Amino acid sequence: MMTMHKAYITAVGTYLPEKILSNLDLEKLVDTSDEWIISRTGMRERHIARDDEFTSDMGANAARVALDRAGMKVDDIDVIIVATLSPDYAFPSTACLIQSTLGAKNAAAFDIQAACTGMVYAMAVAKSFIESGMYKNILIVASEKLSSITDYQDRNTCILFGDGAAACIVQGEGPGLEIGKVSLGADGDQSTLLLLPAGGCRNPATKETVEKRMHYLKMDGKEIFRHAVRRMESAAIECIHQSGLKETDIAYLVPHQANLRIIDAIAKRCKIDDDRVIKVVELYGNTSASSIGLALEKLVVENRIKDKDHLLLVAFGAGLTWGSLILTARGDFTL
Ligand code: UT7
């Protein structure tokens, strides 16, 4: 009889660049205020990468931390999956660049593009690889240099985004966080609500695309906000119920960090008390794919997870894409 393998997150790691961009710094760039930014988003500061520091560098740094904590050698990595919407190049993949930086010569490597939902999509793919028996040791990296595609003349978007990376190791054996029920979704009909208009084959780079600032991300914030709350709520509830759990069984909510008001709305709708909601948006801003990994690492580092605890991860992003999954602590899960 075929045995079904289970997938466990056995270690996490993160990397944040040194430079900090505060709300006061932003006041000098655009017509905004510390008070407006805090009250509308909950953000105070975000980290910004150096000019010579790229998505693959930050991702490799986070990966090294996770590998070290897992006690895993680079030669043992079977596949590297990178979630990013700000890759070093359109191609080759950032995963290949990270494979080279780490010297992970036995690893296959590819990127996933699901915007801010990328890490949840990557965890779903890693779970399938492990459960099918195809791979045993998987490195997931989420890394973003959003400052490279942010228009610091546009107050609607430039206050929101930060740079940073998160990584996790997914293996066929625990102890660790078992990846349980996954719920993913997408709505391509709403693709224009949040996008990078130029640089792809539809609008290749020209003098005009540069002059029109089309190489910076554009967002309809109000509409995105509305969809984010609705989609994250339904993905989260679906995941809880399909796992045979109740809202009260969730020990911690680990949501995508786009806006404190969105996080609070999801927590309220999922009936999860504030002290069980993990928030890093205040200090890191919205780091897209990396944000859920940064939040998960905070929870792990604080040593708050107990055996059998259920964690609910939920994310939303451009595409539109959304996803939720349940992680259950199995055994003594420490770093
Ligand atoms: O990562 C996944 C995708 N991203 C998200 O999930 C983000 C979702 N959207 C949001 O978080 C919010 O919509 C924003 C934070 C982007 C904006 O907050 P809002 O409460 O929806 O504000 P708004 O866009 O409705 O703007 C309200 C007012 C406007 O002025 P008027 O028209 O009322 O006079 C804006 O021009 O605030 C003005 N405004 C600002 N004022 C000061 C917009 N941006 C700023 C700013 N500073 N930075």
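Note that the structure is predicted; figures quoted are calculated from it, not measured.

Student: Quick rundown of the domain arrangement of the protein? Include the residues and the values.
Tutor: As assigned here, the protein comprises domain 1 (8–175) and domain 2 (180–330). Using C-alpha coordinates to define each centre, domain 1 is positioned 14 Å away from domain 2. Opposite the 47 residues of domain 1 that make contact, domain 2 presents 46 residues. Of the roughly 3,800 Å² buried at the junction of domain 1 and domain 2 (both faces included), carbon and sulfur atoms supply 65%. Contact with domain 2 buries surface across domain 1, with Cys116, Val120 and Ile149 losing the most and accounting together for 16% of the total. Run the count over domain 1 and domain 2 and you get three salt bridges. Glu297 is paired through a salt bridge with Arg69; the nearest N and O atoms lie 2.9 Å apart.

Student: Outline unusual backbone geometry, supporting the account with residue identities and numerical values.
Tutor: A negative phi angle is the norm for most residues apart from glycine, just as the trans form is the norm for most peptide bonds. The omega torsion of the bond from Phe91 to Pro92 falls at 0°, within 30 degrees of zero and hence cis. Secondary-structure assignment places Pro92 in the loop between strand 4 (79–83) and helix 4 (94–102). Here the amide bond leading from Gly174 into Pro175 is cis, since omega sits at 0°, within 30 degrees of zero. Inspection of the secondary structure assignment puts Pro175 in the loop between strand 7 (164–171) and strand 8 (176–186). Despite not being glycine, Lys271 has its phi angle at roughly 55°, a positive value.

What counts as what
- Residues numbered from 1 in each chain as written.
- Predicted model: local features only at pLDDT ≥ 70, side-chain atom pairs only at ≥ 80, totals over all residues.
- Heavy atoms only, no water.
- Domains from an automatic or database assignment.
- Contact = heavy atoms within 4.5 Å.
- Buried area = accessible area lost by both parts, 1.4 Å probe.
- Salt bridge = Lys/Arg side-chain N within 4 Å of Asp/Glu carboxyl O.
- Helix = DSSP H or I, 4+ residues; strand = E, 2+ residues; numbered from the N terminus.

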